[in-house]
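Listed here are the chains, written in short residue letters.
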Amino acid sequence: MDFLEFLSSVSPVTIFYALVLLILGFIITILIVIRLTTWNSVPMISRFESEKCYKDPNKNNATYPFPFMEEEGSIDLAVIVPSYNEEERLPIMMNETLEYLENEKKNKPSFTYEIIVVDDGSRDETSKVALEYVKKYGVHKIRLLTLEKNRGKGGAVRIGVLSSRGRRILMADADGASKFSDLSRLQIALEDLNGKKGNKAVIVCGSRSHLQDEAVAECGFKLFTRPAALLTFSALHVERWFQDDSLLELATDGQGSTFDQLAICCRGLED
């Protein structure tokens, strides 16, 4: 019996089901191949060459490399400010932030800090505005990280965090929605958690749950110990917008981080 005779002896229903199984098997095989060749539990962190350096406007725009994913911090606090088209609001936030931090340094001369403004591919003069602050305060206090293209808040914050030097790292939005002096309350809460049972990976989040139903979503004021920040942002797969509760879920789900929430002032929501 040749193939044609065999095929003619098989019912159409049998042929139909055989073709369905064959197609399903092909699709499953393709999906498995894609999964094995593209998935990685540790996301790739790619940077353009220009994103690996910062400029010093006081030294003819000489460039120096950012640190990257250093385990040990060398200064007390790093403030990461993701910014997209924020030329108008950034100065207000920076002035308030610097007033607070400079006052802290005046009261405690050993206190060290840095502000990293991450320009997320802005189309306006955000980088130019930030560079004016770099020129005034110096690169030991303020650095500008300009991204070649817009990555979204997730990508901007991640690169900023991984390029920072702080033993503690604060995420703060450029719109100044959070009252910067609330940092002192976050620090007290973080110290309390950090001292319990030797916790090293700790996150304290500003919460606006007392103002509306959402507990933590989109309140961009978060304080991390360095181990917590490195654990969280090195595992972050989302480069575009991310919800804050998803970020916290990532931090605590298998990462060994401890977090707490603290009610803070959020401008525009209290009136």
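Before reading on, note that the structure itself is shown above.
Notes on the structure in this doc start here.

Each value, and the rule that gives it
- Residues numbered from 1 in each chain as written.
- Predicted model: local features only at pLDDT ≥ 70, side-chain atom pairs only at ≥ 80, totals over all residues.
- Heavy atoms only, no water.
- Axes fitted to C-alpha atoms, helices over the stretch in contact; angles between N-to-C directions.
- Helix = DSSP H or I, 4+ residues; strand = E, 2+ residues; numbered from the N terminus.
- Parallel < 35°, antiparallel > 145°, perpendicular 65-115°, else oblique.
- Left-handed = near helix turned anticlockwise from the far one by under 90°.
- Contact = heavy atoms within 4.5 Å.
- Nonpolar A, V, L, I, M, F, W, Y, C, P; charged D, E, K, R; others polar.
- 1 Å grid on protein atoms, 1.4 Å probe; cavity = no way out; pocket = protein on both sides within 12 Å on 5 of 7 lines; lining within 4 Å.
- Points joined across faces, edges and corners; volume = space filled by probe spheres on them.
- Buried < 20%, exposed > 50% of the residue type's maximum accessible area, 1.4 Å probe, protein only.
- Pairing = 2+ DSSP bridges.
- Phe/Tyr/Trp six-rings, centres within 6.5 Å; stacked < 30°, edge-to-face > 60°.
- Lys NZ or Arg CZ within 6 Å of the ring centre and 35° of its normal.
- Polar contact = N/O pair within 3.5 Å; in protein donor to acceptor, adjacent residues only side chain to side chain.

With respect to the packing of helix α5 (residues 153–162) against helix α7 (residues 226–234)
Argument step 1. Contact pair α5 / α7: the axes reach a minimum separation of 10 Å and the direction vectors enclose 140°. Taken together, α5 and α7 sit at an angle that is classed as oblique. In this structure, α5 crosses over α7, and the sense of that crossing is left-handed. Contacts between α5 and α7 involve Val157, Arg158, Val161 and Leu162 on the former and, on the latter, Ala229, Leu230 and Phe233.

With respect to the environment of Ile203
Argument step 1. Within the secondary structure, Ile203 is located in strand β7 (residues 202–207).
Argument step 2. For the pair Ile203 and Pro227, spaced 24 residues apart in sequence, the C-alpha separation works out to 9.8 Å.

Points about the packing of helix α3 (residues 90–107) against helix α4 (residues 126–137)
Argument step 1. At a minimum axis separation of 11 Å, α3 and α4 run at an interaxial angle of 25°. The angle between the axes of α3 and α4 places the two elements in the roughly parallel class. α4 is crossed by α3, and the crossing has right-handed handedness. Across the interface between the two elements, Leu90, Pro91, Met94, Asn95, Leu98 and Glu102 of α3 pack against Thr126, Val129, Ala130, Tyr133 and Tyr137 of α4.
Argument step 2. Here the residues of the contact of α3 with α4 are counted per class, giving eight nonpolar, two polar and one charged.

Side note on the layout of surface pockets
Argument step 1. Considered as a void within the structure, the second largest pocket measures approximately 210 Å³ in volume.
Argument step 2. Taken together, Asp76, Leu77, Glu104, Lys108, Phe111, Arg167, Arg168, Gln187 and Glu191 make up the lining of the second largest pocket.
Argument step 3. At the level of elements, β3 (75–83), β6 (166–172) and α6 (183–195) are the ones that each hand at least two residues to the lining of the second largest pocket.

With respect to the pairing of strand β8 (residues 221–225)
Argument step 1. Extensive coverage of β8 is indicated by the burial of five of its five residues.
Argument step 2. By the alternation rule, side chains of β8 split into Phe221, Leu223 and Thr225 and Lys222 and Phe224, which are all buried.
Argument step 3. Taken together, the five bridges between β6 and β8 define a ladder with antiparallel strand orientation. Note on β8: the bridge partner recorded for Ile169 is Phe224.

Concerning the packing of aromatic side chains
Argument step 1. Within this structure, the stated rule accounts for six aromatic pairs.
Argument step 2. Between the aromatic rings of Phe111 and Tyr113, the centroid separation amounts to 6.0 Å while the plane-to-plane angle is 25°, which identifies the pairing as stacked. By the burial criterion, Phe111 is buried, and Tyr113 matches it.
Argument step 3. Above the plane of the ring of Phe68 lies Arg47, whose end atom (NZ or CZ) is 3.7 Å from the centre.

Some thoughts on the environment of Glu70
Argument step 1. With respect to the helices and strands, Glu70 occurs in the loop between β2 (62–65) and β3.
Argument step 2. With near-sequence residues (within four places) excluded, Glu70 lies in contact with Arg226 and Leu230.

Some details on the side chain of Glu51
Argument step 1. Turning to its location among the elements, Glu51 is positioned in the loop between α2 (12–38) and β1 (53–56).
Argument step 2. Assessed through its relative accessible area of 0%, Glu51 is described here as buried.
Argument step 3. Polar contacts involving the side chain of Glu51 include one to the side chain of Arg151, which spans 2.9 Å.
Argument step 4. Residue contacts for Glu51: discarding those within four places in its chain leaves Phe66, Leu145, Thr146, Leu147, Glu148, Lys149, Arg151 and Ile159.

Points about unusual backbone geometry
Argument step 1. Positive phi values are uncommon outside glycine, yet Asn60 reaches one of about 55°.
Argument step 2. Note on placement: Asn60 falls in the loop between β1 and β2.
Argument step 3. Here Asn60 falls in the exposed class, since its relative accessible area comes to 76%.
Argument step 4. Phi at Met69 is positive, roughly 55°, even though this residue is not glycine.
Argument step 5. Structurally, the position occupied by Met69 is in the loop between β2 and β3.

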